[in-house]
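# What the coordinates show
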Amino acid sequence: MQCSESLRVQAYFDREVDALSAAEIERHVERCSECRELLQDLEKVRSALRSGISFDAAPAALRARIAQTLEQESTLEQESTAAEAGNTATRLKSRTRRQTKGWGGRGFWGGALSGIGGAAIAAAAAFFLVVPSLVSPLSNELVSAHVRSLMPSHLIDVVSTDKHTVKPWFAGHADVSPAVADFEAQGYRLIGGRADYIDHQRSAVVVYQHGAHVINVFTWAATGAPNLRNTTLSGYHLAFWQQGDIQYCAVSDTGWDELLGLVRLLREQT
């Protein structure tokens, strides 16, 4: 009889489950020989497909035509956006002039106010159309993961205050090996760790407790993106740093001084 978890095991193989489900499936596979064999068979199929398929590069002329078409579409889109912003600003400016005409006819105040209003609206429209969001999607992702972890039974996969228990657990559960240390003497007690999914990777999360506050320290492989800056989002502080090819982020609602104190200890440890 086929194991009832076989479909979830296939989803796990394709990395279509969240970190908590992945941890449950891995624990199941450890004791289910049928699901272990299923994973091994899936891996063999994937290896056979990858080794038996040859990839032909597109001709240079075709790549050039595609690049030119994409560039033309991008230029047309930018011109259309700019024209739409200009038309919107013109309509609003005209409306403002009509509204202010009654204040002073064609006098000084009507012209001045309509000119100022139109210029301000045009500037605002240009700003919101051109300037991207100042909050990075990754910061939102980290805060969401931190908040989810605070829900019942979501915080820790491996419960331990011993770094020699927590650190080895991440082997096979995450794509990186994080820095793990207990700083209870300095007020940061190691309480465990878990796996999460950050920046399209299986991230390692080391969990500390500082007073009544939980601090999640996320660790994942740096992907060459621009350096992330410390920020505050939805009441949570995010402290970023990178060492070698590993990216770290400590997230908590504790004070900045307390959060950066743990960051300093971790940087010294690694």
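Residues numbered from 1 in each chain as written. Predicted model: local features only at pLDDT ≥ 70, side-chain atom pairs only at ≥ 80, totals over all residues. Heavy atoms only, no water.

So, on to the overall build of the chain. Counting secondary structure elements, the chain contains eight helices and seven strands. Across the 270 residues of the chain, 34% fall into the buried class. Sequence separation of 24 or more characterises 56% of the internal contacts of the chain that already satisfy a separation of 6 or more. (Helix = DSSP H or I, 4+ residues; strand = E, 2+ residues; numbered from the N terminus. Buried < 20%, exposed > 50% of the residue type's maximum accessible area, 1.4 Å probe, protein only. Contact = heavy atoms within 4.5 Å.)

A few words on unusual backbone geometry. Phi angles above zero are rare outside glycine, and Arg15 is one such case at about 55°. Relative to the helices and strands, Arg15 resides in the loop between α1 (6-13) and α2 (19-31). Residue class for Arg15 comes out exposed when judged on its relative accessible area of 52%. The phi dihedral of Asp199 falls on the positive side, at around 55°, and the residue is not glycine.

Take the nonpolar core next. Among the nonpolar cores identified, the biggest contains 28 residues, and Phe170, Phe183, Tyr208, Ile215, Val217 and Leu262 are the most heavily contacted of them. If you list the elements that add at least two residues to this core, you get α7 (163-169), β2 (189-198), β3 (201-210), β4 (213-221), β6 (236-243), β7 (246-252) and α8 (256-269). With five residues, the single largest contributor to this core is α8. The contacts of Phe183, once residues within four sequence positions are left out, are Tyr188, Tyr208, Leu262, Leu265, Leu266 and Gln269. (Core = buried A, V, L, I, M, F, W, Y, C linked by side-chain atoms within 4.5 Å.)

Moving on to the sheet that holds β4. Taken in spatial order, the seven strands make up an open sheet running β1-β2-β3-β4-β7-β6-β5, and their pairing is antiparallel. The sheet is open, and its two borders are formed by β1 (158-159) and β5 (231-233), each paired with just one other strand. Both β1 and β2 contribute to a ladder of two bridges, which runs antiparallel. Within β2, the residue paired with Val159 across the bridge is Gly192. Sheet contacts for helix α6 (residues 137-149): β2, β4, β5, β6 and β7; angle to β2, the most-contacted strand, approximately 130°. (Pairing = 2+ DSSP bridges. Axes fitted to C-alpha atoms, helices over the stretch in contact; angles between N-to-C directions.)

Turning our eyes to something else, we now look at the packing of α1 against α2. Where α1 contacts α2, the axes come no closer than 10 Å and their chain directions differ by 120°. One element, α1, and the other, α2, form an angle in the oblique class. Along this stretch, α1 crosses α2, giving a crossing that reads as left-handed. In this structure, α1 uses Arg8, Val9 and Tyr12 to contact α2, whose residues at the interface are Ser21, Ala22, Glu24, Ile25, Glu26 and Val29. (Parallel < 35°, antiparallel > 145°, perpendicular 65-115°, else oblique. Left-handed = near helix turned anticlockwise from the far one by under 90°.)

Bringing the pairing of β6 into the picture now. The element β6 is extensively covered by neighbouring structure, given that six of its eight residues are classed as buried. Bridge analysis of β5 against β6 gives three bridges, and the strand direction is antiparallel. Opposite Thr232, over in β6, you have His237 as the bridge partner. What sits between β5 and β6 in their antiparallel hairpin is a turn of two residues, with Ser234 showing a positive phi close to 55°. Alignment of β6 against β7, held across seven bridges, turns out to be antiparallel. Bridge pairing links Ala239 to Ala250 in β7. Between the antiparallel neighbours β6 and β7 lie two residues, among them Gly244 with a positive phi of about 65°.

This part takes up the confidence of the model for the chain. Keep in mind that low pLDDT regions are not for reading the predicted coordinates in detail. On average, the chain scores 79 in pLDDT, and the residues at 70 or more come to 76%. Every residue in residues 125-133 scores below 50 in pLDDT, and together they form two contacts with partners more than four places removed in sequence or on other chains. (pLDDT = per-residue confidence, 0-100.)

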